[in-house]
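A closer look at the structure
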Protein chains: 2
Amino acid sequence: MRIAIDAMGGDHAPEEIVAGAIEGLAHLGEDDELVLIGQQEQVVRELKRSGYDESHDRISLVDARDVIGMGEHPVDSLRQKRDSSIAKMAELAARGEVDALIGAGNTGACVAACQMKIRPLKGVHRPGIAVVIPSFGGPMILCDVGANVAPKPHHMHQYALMCGIYAEHLLALPHSARVALLSIGEEDAKGNPLVRQVRDVLKADARINFVGYVEGRTLLSGQADVVICDGFVGNVVLKLIEGLADGLVKLLAKDVAGSHPELAKSFDPLLKELWQKHDYSEYGGAPLLGVDGVCIVCHGSSDRRAIKNAVAVASKMTSSNINERIVEFMNPDGALSPSD
Amino acid sequence: MRIAIDAMGGDHAPEEIVAGAIEGLAHLGEDDELVLIGQQEQVVRELKRSGYDESHDRISLVDARDVIGMGEHPVDSLRQKRDSSIAKMAELAARGEVDALIGAGNTGACVAACQMKIRPLKGVHRPGIAVVIPSFGGPMILCDVGANVAPKPHHMHQYALMCGIYAEHLLALPHSARVALLSIGEEDAKGNPLVRQVRDVLKADARINFVGYVEGRTLLSGQADVVICDGFVGNVVLKLIEGLADGLVKLLAKDVAGSHPELAKSFDPLLKELWQKHDYSEYGGAPLLGVDGVCIVCHGSSDRRAIKNAVAVASKMTSSNINERIVEFMNPDGALSPSD
């Protein structure tokens, strides 16, 4: 197995990405290999600084001179920066030279590169990012969180089908995945026109264990294994969870330090533990479901632990038959679905 | 001043509504009056149970036989239940018999009744619900949170104009309100088609102190006084904040009780205080901005404290000149805007 990593992608690149890659080797078999893509002199310097022994021969390098910044326009930057690490990584995957890719850089550019260069799974119209988030009832999957900000109902229908399979695999569910749709109330009449259309499609599809709407308040209560939403709403929700949990924990730590300094020592580890329960980087990146390959999109703020975990996710997904199962599920009669 | 309250609306009606109304009298002047609308025998029973002295003569009753349930379709239920407390309340306001109304029942029905029966402010196309939420930088206003789930760009433009005035009044800002737009990144290229259109309109309007996009992670950081979004996204966000804050606080209390029972006593009041900081019922209901009247929409879970606070908000808004200022602001040259 060969897994490509964009060494230049993310707020802490290349230091943390390279360090995370080295740590990630522990998740791989002896014959597996990582491919670091980026400005070679920088990557080599980080490898040396991290004390990696080159004779181990399990990390190879691919030089890419351009770097796409976090704020750049996805498609424009890919067109202008043909020698970027993101573009080169997607090309390696498209040519079958790597089995999986991992990117923590500009999410839009990463998704666009995968969509442009790697073919979709048979029958899939648009890929979606499926992220694992910690709910109060255990881990669950939210999709889409930003690949597709203006989805059509049939795109969201396909997210539900793909995520059902992904959830059953990743969460090792003993039952068929409970799929919900994010809306603004529990009753059928609630929602916007898109959501109401998707609800009708999900209800009518016997392959989906559709459990109805969840709203913001019950999203994290654990009543569903998969929650489907449009990529704009999903991205807002994902980042809000992070911002609010982080802010509340910090505020509480400050309150305790100010009013009960004697408690702070016993209390801080509890807060840290709580925070880890709600830190989705624990789950190491989110797959772009629907492309014919394994593309793992990581948070821009990924540190070495997140990258290490992403290597584990990429490896596990590559060894699985998720994509084959998605194709079977999407094409039950072997016929092609209409193209988008 | 006369303020109408739907005594049958909300999860804890009529008990908590009636009790909150009685407590709310403390916020009113001696000549001010509350009008409770609902099934008269139930309202009278609750008034008696709460020990209200009828000779005080500051609460009057209007009988309404029908009740619209929380899950009913807003427009259909209003059509079928012509004698509902929500419909009657909006009619009282439309006829000028009350100066303000407060509803904690079916939000959609409450908004629809106000839209159908009360005329819009001159120049306003669609009303929006503007809720105060506690951010880590102090209170801020989020609009719309559910009145309009499929807004057009000019609706959101008007929310920005109206909320600027409301924020300056309510938060007593010493500067012109900083208005942001909720999106999925800080850069201009981010967002969905609607959000990018609204951004262009807000940027071009010199009356608005537009500070750009905020994303989910920075929404609560206090960098804006007003955040504009579509009513679907706003409703998801509002309820997610509530659900996540509530869940985290409960989880932490459980962790402390389990692992450090000796700390629980000192810790629980801290958590309670933290929770109150993030409990938006403290702010007592949200105005439906853009109608020619004062319509305060409360959370379905409103207890007596929330209703009491809503009376204070309704009274303060009735005494203010917010609606006049909105009309001046929306019609700078005295001309009518095109109708929706």
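Because the structure is predicted, anything quoted here is derived from the model rather than measured.

Here we take up the relation of the copies chain B and chain A. Between chain B and chain A, the superposition needs a rotation of 180° and an axial shift of 0.0 Å, giving an RMSD of 0.0 Å. Here the copies are linked by what is in effect a two-fold axis. Taking the C-alpha atom as reference, chain B places Val233 of chain B closest to the rotation axis, 3.1 Å from it. Most of the interface of chain B is mirrored in chain A: 100% of its interface residues are interface residues there too.

Time to look at the environment of Arg199 of chain A. Residues and elements named next belong to chain A. By the element assignment, Arg199 lies in helix H7 (residues 193-204). Spatially, the C-alpha atoms of Arg199 and Pro261 are 51 Å apart, while their sequence positions differ by 62 residues. Here Arg199 is in contact with Leu181, Asp188, Ala189, Phe210 and Tyr213, once residues within four sequence places are set aside. A distance of 2.3 Å separates a polar side-chain atom of Arg199 from the backbone oxygen of Asp188.

Residues and elements named next belong to chain B. The omega angle of the peptide bond from Ala13 to Pro14 is -5°, so this bond is cis rather than trans. Topologically, Pro14 is positioned in the loop between strand S1 (2-6) and helix H1 (15-24). One non-glycine residue, Ala172, lies in the positive phi region at around 50°. Secondary-structure assignment places Ala172 in the loop between helix H6 (153-170) and strand S7 (178-182).

Let us look at the packing of helix H8 (residues 231-259) of chain A against helix H8 (residues 231-259) of chain B. The description of two helices packed together rests on the angle between their axes and the distance between the axes. Their axes nearest at 10 Å, the elements H8 of chain A and H8 of chain B cross at an angle of 35°. For the crossing formed where H8 of chain A meets H8 of chain B, the hand is right-handed. In contact with Phe232, Val233, Val236, Val237, Leu240, Ile241, Leu244, Ala245, Leu248 and Leu252 of chain A of H8 of chain A, H8 of chain B contributes Phe232, Val233, Val236, Val237, Leu240, Ile241, Leu244, Ala245, Leu248 and Leu252 of chain B. Here the residues of the contact of H8 of chain A with H8 of chain B are counted per class, giving 20 nonpolar, no polar and no charged.

Residue and element names in this part refer to chain B. What the rule picks out here adds up to 40 salt bridges over all chains. The partner of Glu33 in a salt bridge is Arg2, and the shortest N-O contact between them spans 3.1 Å. Taken together, the positions of Glu33 in strand S2 (residues 33-38) and Arg2 in strand S1 put the pair 31 residues apart, joining distant regions of the chain. The class of Arg2 is partly exposed, set by a relative accessible area of 29%. Ionic pairing is found between Arg65 and Glu41, a salt bridge with its closest N-O pair at 3.0 Å. Here the residue Arg65 occupies a position in the loop between strand S3 (59-63) and helix H3 (74-80), and Glu41 occupies one in helix H2 (residues 40-49), the gap between them amounting to 24 residues. Judged by its relative accessible area of 37%, Arg65 is partly exposed.

It is worth spelling out the interface of chain B and chain A at this point. Between chain B and chain A, the residue contacts involve 51 residues of the former and 51 residues of the latter. Each partner contributes to the roughly 4,700 Å² buried at the junction of chain B and chain A, and carbon and sulfur atoms together form 78% of this total. Between chain B and chain A we count four salt bridges in total. Between Arg217 of chain A and Glu242 of chain B there is a salt bridge; the shortest N-O distance is 3.1 Å.

Before going further, it helps to examine helix H4 (residues 85-94) of chain B. Residues and elements named next belong to chain B. Most of H4 sits inside the fold, with seven of its 10 residues counted as buried. For H4, every residue scored as buried is listed here: Ser85, Ile86, Ala87, Met89, Ala90, Leu92 and Ala93. Summarising the contacts, the buried residues of H4 are in contact with S1, S2, S3, H3, strand S4 (100-103) and helix H5 (107-117). Once H4 finishes, Gly96 follows within two positions and takes phi at roughly 75°, a positive value.

On to the side chain of Asn192 of chain B, then. Inspection of the secondary structure assignment puts Asn192 of chain B in the loop between S7 and helix H7 (193-204). A polar side-chain atom of Asn192 of chain B sits 2.9 Å from the main-chain amide nitrogen of Val195 of chain B. Setting aside anything within four residues of it in sequence, one finds Asn192 of chain B in contact with Val149 and Phe232 of chain A.

Once that is clear, we can look at the pairing of strand S1 (residues 2-6) of chain A. Residues and elements named next belong to chain A. Most of S1 is tucked away: four of the five residues are buried. Two elements, S1 and strand S2 (residues 33-38), share five bridges in a ladder whose sense is parallel. Residue pairing across strands places Ile5 opposite Leu36, the latter belonging to S2. As a crossover connection, the stretch from S1 through helix H1 (residues 15-24) into S2 is right-handed. Examined bridge by bridge, S1 and strand S4 (residues 100-103) share three bridges and lie parallel to one another. Directly across from Ile5, in S4, lies its bridge partner Ile102.

Here we come to the packing of aromatic side chains. Across all of its chains, the model carries zero aromatic pairs over all chains by this definition. Seen from the ring of Phe329 of chain A, Arg207 of chain A lies directly overhead, with NZ or CZ sitting 5.7 Å from the centre.

Here we take up the sheet that holds S2 of chain B. All names here are of chain B. If you trace the 11 strands from one edge of the open sheet to the other, you get S3-S2-S1-S4-S11-S10-S5-S6-S9-S7-S8, paired in mixed fashion. With partners counted over all chains shown, the strands left at the sheet margins are S3 and strand S8 (209-214), one partner each. For this sheet, the mean angle separating the axes of adjacent strands, direction not counted, is 30°. As judged from the two bridges shared by strand S5 (residues 128-135) and strand S10 (residues 286-289), these two strands associate in the antiparallel manner. Bridge pairing in S10 links Gly128 to Leu289. Packed on one face of the sheet, H4 meets S1, S2, S3 and S4 and runs near 145° to S2.

What follows covers the pairing of strand S5 (residues 128-135) of chain A. All names here are of chain A. In terms of burial, S5 is a largely internal element, eight of the eight residues being buried. Burial of S5 is two-sided: the residues Gly128, Ala130, Val132 and Pro134 facing one way and the residues Ile129, Val131, Ile133 and Ser135 facing the other way are all buried. Sheet analysis places S5 next to strand S6 (residues 138-143), joined by six bridges and oriented antiparallel. Across the sheet, the residue bridging to Ser135 is Gly138, located in S6. Linking S5 to S6, which pair antiparallel, is a turn of two residues.

Moving on, we get to the sheet that holds S2 of chain A. Residues and elements named next belong to chain A. Sheet architecture is open: 11 strands sit in the order S3-S2-S1-S4-S11-S10-S5-S6-S9-S7-S8, paired in mixed fashion. Taken across any chain shown, the strands that pair with only one partner, and hence form the sheet edges, are strand S3 (59-63) and strand S8 (209-214). Across the sheet, the mean angle separating the axes of adjacent strands is 30° when strand polarity is ignored. Each of S1, S2, S4, strand S10 (286-289) and strand S11 (294-297) touches helix H10 (residues 304-319); the most contacted strand, S11, lies at about 155° to it.

Calculation criteria
- Residues numbered from 1 in each chain as written.
- Chains lettered and ligands numbered in written order.
- Predicted model: local features only at pLDDT ≥ 70, side-chain atom pairs only at ≥ 80, totals over all residues.
- Heavy atoms only, no water.
- Least-squares fit on C-alpha atoms with pLDDT ≥ 70 in both.
- Contact = heavy atoms within 4.5 Å.
- Helix = DSSP H or I, 4+ residues; strand = E, 2+ residues; numbered from the N terminus.
- Polar contact = N/O pair within 3.5 Å; in protein donor to acceptor, adjacent residues only side chain to side chain.
- Axes fitted to C-alpha atoms, helices over the stretch in contact; angles between N-to-C directions.
- Left-handed = near helix turned anticlockwise from the far one by under 90°.
- Nonpolar A, V, L, I, M, F, W, Y, C, P; charged D, E, K, R; others polar.
- Salt bridge = Lys/Arg side-chain N within 4 Å of Asp/Glu carboxyl O.
- Buried < 20%, exposed > 50% of the residue type's maximum accessible area, 1.4 Å probe, protein only.
- Buried area = accessible area lost by both parts, 1.4 Å probe.
- Pairing = 2+ DSSP bridges.
- Right-handed = clockwise from strand over helix to strand, strands pointing away.
- Phe/Tyr/Trp six-rings, centres within 6.5 Å; stacked < 30°, edge-to-face > 60°.
- Lys NZ or Arg CZ within 6 Å of the ring centre and 35° of its normal.

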